[in-house]
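Spelled out, the chains give:
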Amino acid sequence: RTGNEGTWIRVLPPTLPSYVTLGNLCLLKVLSDLTFFFVVFRGIAVGIFPTNSSQACRFIAENSEANIIMVEDDWQLQKILKIRQYLNHLKAIVQYKDKLREKMPGLYTWQEFLEVGKFVPDETLDRVIDSQKPNQCCTLIYTAGTTGSPRAVMISHDNITWTSGAVLQGLSYSLPPNNQEILVSYLPLCLISAQMFEVWIPITIGASLFFAEPDAMKVRGSLINTLREVRPTSFCGAAGIWEEFQESMNSTYSSSTPFRKGIINWAKKVGYKANTRLEDENGQNPVSFRLAKKLVFDKVRKVLGFDRCIQFLSIGSGITKEMQEFFLSYDIILFQTYGMTETTGAHSASSDESHKWFSCGKPMTGSKTQVRDEDREGLGEFHIWGRNVSMGYLNNEHKTKRIFDNKGWLHTGDVGFLDPEGYLHFASRLEDVIMTSRGERIFPVSIENMIKEQIPIVHYAMVVGNQARFLCALLTLKCLVNEDTGEPRHNLTPEAIEYCRKHNSKVTKVTELTENQDPSIDAAIQKGIDAVNKELSSESHKIQKWKILEKDFSMKGGELGPTMKLRRTYVTRRLHQIISSFYK
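As recorded by an unreviewed UniProt entry, the protein chain carries the name Long-chain-fatty-acid--CoA ligase ACSBG2 and is attributed to Monodelphis domestica. The UniProt entry for the protein chain carries this comment under Subcellular location (unreviewed entry): "Cytoplasm". Its UniProt record gives the protein chain the following Sequence similarities (unreviewed entry) comment, quoted word for word: "Belongs to the ATP-dependent AMP-binding enzyme family. Bubblegum subfamily."

A. Examining the overall build of the protein chain more closely. From N to C terminus, the protein chain includes 19 helices and 25 strands. Expressed along its principal axes, the backbone C-alpha trace of the protein chain runs to roughly 75 × 65 × 55 Å. By residue count, 51% of the 584 residues in the protein chain fall in the buried class. Here the analysis covers contacts within the protein chain between residues at least 6 apart in sequence; of these, 63% occur between residues at least 24 apart. Accessible surface for the protein chain amounts to roughly 28,500 Å². Of this, 51% is attributable to carbon and sulfur atoms. Each charge class in the protein chain can be summarised by its mean position, and for the 69 positive and 65 negative side chains these summaries are 3 Å apart.

B. Up close: the sheet that holds strand S22 (residues 471-477). Taken together, three strands build an open sheet; the order of strands is S21-S22-S25 and the sheet is mixed. Strands with a single pairing partner mark the edges of an open sheet, and in this sheet they are strand S21 (458-464) and strand S25 (543-548). Between one strand axis and the next, the sheet turns by 25 degrees as a mean value, whatever way the strands run.

C. Region of the structure containing the pairing of strand S4 (residues 92-95). The side-chain alternation of S4 yields two buried faces, one formed by Ala92 and Val94 and the other by Ile93 and Gln95. Bridge count between strand S3 (residues 66-71) and S4: four bridges; the pairing is parallel. Looking across to S4, one finds that methionine 70 is bridged to valine 94. With respect to chirality, the unit in which S3 leads through helix H3 (residues 74-83) into the neighbouring parallel S4 is right-handed.

D. Structural detail: the state of the cysteines. In total, this model carries zero disulfides according to the counting rule given. Cysteine 57 takes part in no disulfide bond, and the closest cysteine sulfur, belonging to cysteine 190, lies 10 Å away. Under the relative-accessibility criterion, cysteine 57 is labelled buried at 1%. Free cysteine cysteine 500: the closest other cysteine sulfur is in cysteine 479, separated by 10 Å. Under the relative-accessibility criterion, cysteine 500 is labelled buried at 0%.

E. Focus on the side chain of serine 64. By the secondary structure assignment, serine 64 is in the loop between helix H2 (54-63) and S3. A relative accessible area of 7% means that serine 64 is categorised as buried. Within the local environment of serine 64, its side chain forms a polar contact with the backbone oxygen of isoleucine 60, the two atoms lying 2.7 Å apart.

F. Summary view of the packing of aromatic side chains. The final tally for this structure, using the stated rule, is 21 aromatic pairs. Pairing tryptophan 110 with phenylalanine 113 gives two aromatic rings, centres 5.3 Å apart and planes at 35 degrees, and the pair type is tilted. With tryptophan 110 and phenylalanine 113 both in helix H4 (residues 110-115) and three residues apart, the pair spans about one turn of that helix. Ring centres of tyrosine 460 and phenylalanine 553 lie 5.9 Å apart, and the angle between their planes is 40 degrees; this geometry places the pair in the tilted category. Placement of tyrosine 460 in strand S21 and of phenylalanine 553 in the loop between S25 and helix H18 (568-574) is noted, with a sequence separation of 93 residues between them. Take tyrosine 460 and phenylalanine 553: they sit in the same class, and that class is buried. Here the aromatic residues Tyr186, Phe235, Trp242, Phe245, Phe306, Phe312, Phe326, Phe327 and Tyr330 are joined through ring pairs into a cluster of three or more. Across from the ring centre of tryptophan 75, 4.4 Å away, lies the NZ or CZ of lysine 79, which sits over that ring. Residue placement shows arginine 151 over the ring face of tyrosine 393; its charged tip is 5.0 Å from the ring centre.

G. Spotlight on the pattern of salt bridges. In total, this model carries 21 salt bridges according to the counting rule given. Across the salt bridge formed by lysine 293 and aspartate 298, the nearest N and O atoms sit 3.0 Å from each other. A relative accessible area of 34% places aspartate 298 in the partly exposed class. Lysine 542 is the salt-bridge partner of glutamate 539, the closest N and O atoms lying 3.5 Å from each other. Classification of glutamate 539 as exposed rests on a relative accessible area of 54%. One connected set of salt bridges, linked through shared partners, spans Lys356, Asp419 and Glu421.

H. Quick look at unusual backbone geometry. Cis geometry is adopted by the peptide bond preceding proline 177, which originates at proline 176 and carries an omega value of 5 degrees. Positionally, proline 177 belongs in the loop between helix H6 (157-170) and strand S8 (182-185). Positive phi is not limited to glycine here, since arginine 231 has a value of about 55 degrees. Locating arginine 231 in the fold gives a position in the loop between helix H8 (223-230) and strand S10 (234-238). Assessed through its relative accessible area of 32%, arginine 231 is described here as partly exposed. Even without a glycine there, the phi angle at phenylalanine 358 is positive, about 65 degrees. Overall, the relative accessible area of 28% leaves phenylalanine 358 in the partly exposed class.

About the cut-offs
Residues numbered from 1 in each chain as written. Predicted model: local features only at pLDDT ≥ 70, side-chain atom pairs only at ≥ 80, totals over all residues. Heavy atoms only, no water. UniProt positions renumbered as here; feature names shortened; annotations may be inferred. Helix = DSSP H or I, 4+ residues; strand = E, 2+ residues; numbered from the N terminus. Buried < 20%, exposed > 50% of the residue type's maximum accessible area, 1.4 Å probe, protein only. Contact = heavy atoms within 4.5 Å. Areas by Shrake-Rupley, 256 points an atom, 1.4 Å probe, with all protein chains shown as cover. Lys, Arg positive; Asp, Glu negative; His and termini not counted. Charge placed at Lys NZ, Arg CZ, Asp CG, Glu CD. Pairing = 2+ DSSP bridges. Axes fitted to C-alpha atoms, helices over the stretch in contact; angles between N-to-C directions. Right-handed = clockwise from strand over helix to strand, strands pointing away. Disulfide = S-S within 2.5 Å. Polar contact = N/O pair within 3.5 Å; in protein donor to acceptor, adjacent residues only side chain to side chain. Phe/Tyr/Trp six-rings, centres within 6.5 Å; stacked < 30°, edge-to-face > 60°. Lys NZ or Arg CZ within 6 Å of the ring centre and 35° of its normal. Salt bridge = Lys/Arg side-chain N within 4 Å of Asp/Glu carboxyl O.

In structure tokens, the structure reads:
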């Protein structure tokens, strides 16, 4: 692809050996060795989520025609051994941690794997390095598959290097020798956004990178402990992580004394006012803000490990206006970004220099954005062009031609608008839009966020009503989670129990609400639904019926994808009978 919009270079899908990793790969130990492997053997890296089932692993390994699969430990190895007979292209499996339980043909330890490179002369390495081309596929990133089978997005070398540089032009990262960024990597590296913000950008700026423990992403995992130890200078968080921080801060607030609560409430008001106004007439923050910073904000940051963090980024969808306002009141400004796998994980970002509240910032310099097929409210589909746009989908020419047009524009399937100043505002995915029986188009995400804001006991809300007369809502409550399996339990969280106590209910489990239908909690939830309906201008947008589900949504249950996105198609299919009962 050249700088001329009309010139589009077609690149054949990769036919080189592919290389799959399964588990939490520790790049500090193996990055140099893997780089050597990729270059010498012309391997294309493919990632698999550590939580994937054997069948999910089989789909990716077959689709990418993987020759070598690397696993972290015996638990991950057993997944591959179950499906090994179906993988016709597989030549070897490498286990890079722990000892092998049983030696078998084609199974290697990490040390045995390293021995392979000793017989390759330096001349061969130099020749292969020189043959690398920017428009060749560097890695395959499989989409989360929230609406169907995952698709393998082909990311080129140029996609990665150009996007890394373009992102850095807009964000406030430091470079040596003046200052060195200190960053923490905790997201699964099979996500391109994780690779971009936790590998490629750190390499580009010479950052000091620390890898979190494998349980970092679990509920009440070790991430905060890692942050307190490392004290990063920049932090990139997905919506689920910011939500966990918010719950932790709320829990601390709930257990505080009335006097302490009063100070926190006062400080939050001061923080919100100061940050939305930014500065007073003299160019200095008021005395009240400096006092609030010393009494509350600095202490909160220290508890979270953010005492020297100057840049907070939010990646992926799911961050709500209410959540941004919450952190804003604690003097933590979340810079929202927008991107997708097909745009190498990034397309726009907010920053100190280019910032508008609740927007996703301005598109990167050198890329283009159009909003097409706008409705009466000015919302339309984002179409994107630039060197961050990927090569297409492996083994899926039909989908590639449908999503990437012949001039290189990516039809994202995301809906939103560009304001007059060029800031991008994301509203919803097209696939999430509800079409009523009257032909009205409704974006459910904003309604769902309002429900969660009005009813603090609700963890997930899913609005339904496609091709129906009115809207209804499926609600899950905040419950404790099995920290080993990630499966939700029936026991309510302390925050949810406190909510019940405030409404004169003694319940401690979800089943007590779904089976006995506690009148006081039902009334409290209905009051919250009524408050949401009051804020909605159109009658067709209002929630007419709702139901509490017996179990919270989770990755383990299949309702959430690996990036914590709601899999609406799956939930609709699985709960078809409940949804149908709303309209009988």
